[in-house]
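Fold and geometry: a report
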Amino acid sequence: QVHLVESGGGLVQAGGSLRLSCAASGNILIITSMGWYRQAPGKQRELVAAMPNGGSTNYADSVKGRFTISRDNAKNTVYLQMNSLKPEDTAVYYCNVQAWQYPHNYWGQGTQVTVSS
């Protein structure tokens, strides 16, 4: 009954920008954290950025200074602004929401980000 709908992925040239969004809809969630993971072909899923309640943020070293995570709590939405994109950023990006309600972790369907040289 809870759905995380992602949007904003696509194809972009190196050095370009994209903004991802993820909106939680359906049942009301008591959210404790929102963030983004990504998975490149043949690699494990890795944390890109996270923003727990309280306004703190965490970023993977590879994206620091280039990506910015933000939240609109009234809309249960999380964003990922990606600037200065590099080919190594190419991956499927997954929205992640942690909430009080079981199963506690929720995932979006994934959105493809492809950065060309």
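Residues numbered from 1 in each chain as written. Predicted model: local features only at pLDDT ≥ 70, side-chain atom pairs only at ≥ 80, totals over all residues. Heavy atoms only, no water.

Pairing geometry for strand β4 (residues 31-39) and strand β5 (residues 46-52), over six bridges, is antiparallel. The residue bridging Arg38 from the neighbouring strand is Glu46, located in β5. In this structure, the hairpin formed by β4 and β5 is closed by a connection of six residues, where Gly42 is found at a positive phi of approximately 75°. Across two bridges, the pairing between β5 and strand β6 (residues 58-59) is antiparallel. From the neighbouring strand, Ala50 faces β6, where its bridge partner is Asn58. As consecutive antiparallel partners, β5 and β6 are separated by five residues, and within that stretch Gly54 has a phi angle of approximately 110°, a positive value. (Pairing = 2+ DSSP bridges. Helix = DSSP H or I, 4+ residues; strand = E, 2+ residues; numbered from the N terminus.)

Turning next to the nonpolar core. In terms of nonpolar packing, the biggest core is built from 30 residues, with Trp36, Val48, Phe67, Leu80, Met82, Tyr93 and Val97 touching the most fellow members. Of all elements in the fold, only β3 (18-26), β4, β5, β7 (67-72), β8 (77-82), β9 (91-99) and β11 (111-116) reach the threshold of two or more residues within this core. A per-element tally of this core places β9 first, with five residues. In contact with Val48, not counting residues within four places along its chain, are Trp36, Tyr37, Arg38, Asn58, Tyr59, Ala60, Val63, Phe67, Leu80 and Tyr93. (Core = buried A, V, L, I, M, F, W, Y, C linked by side-chain atoms within 4.5 Å. Buried < 20%, exposed > 50% of the residue type's maximum accessible area, 1.4 Å probe, protein only. Contact = heavy atoms within 4.5 Å.)

Bringing the packing of aromatic side chains into the picture now. For the structure on display, the rule yields one aromatic pair. An angle of 70° between the planes, with centres 5.1 Å apart, marks the rings of Tyr37 and Trp107 as edge-to-face. Placement of Tyr37 in strand β4 and of Trp107 in strand β10 (residues 105-107) is noted, with a sequence separation of 70 residues between them. Looking at Trp107, the relative accessible area reads 38%, which means it is partly exposed. Over the ring of Tyr94 we find Arg45, and its NZ or CZ is 3.8 Å from the ring centre. (Phe/Tyr/Trp six-rings, centres within 6.5 Å; stacked < 30°, edge-to-face > 60°. Lys NZ or Arg CZ within 6 Å of the ring centre and 35° of its normal.)

Turning to unusual backbone geometry, a few remarks are in order. Here the bond from Tyr102 into Pro103 is cis, since omega is 10°, no more than 30 degrees from zero. Within the element layout of this structure, Pro103 appears in the loop between β9 and β10. Positive phi values are uncommon outside glycine, yet Ser84 reaches one of about 50°. Tracing the sequence through the fold places Ser84 in the loop between β8 and β9. When its relative accessible area of 40% is taken as the criterion, Ser84 is described as partly exposed. A positive phi angle, near 80°, is found at His104, a position not held by glycine.

Taken as a whole and assessed by the stated rule, the structure comprises one disulfide. Residue Cys22 pairs covalently with Cys95 via a disulfide, S to S 2.1 Å. Given an S-S torsion of about -80°, the disulfide between Cys22 and Cys95 has left-handed geometry. Placement of Cys22 in strand β3 and of Cys95 in strand β9 is noted, with a sequence separation of 73 residues between them. Each member of the pair, Cys22 as well as Cys95, is classed as buried. (Disulfide = S-S within 2.5 Å.)

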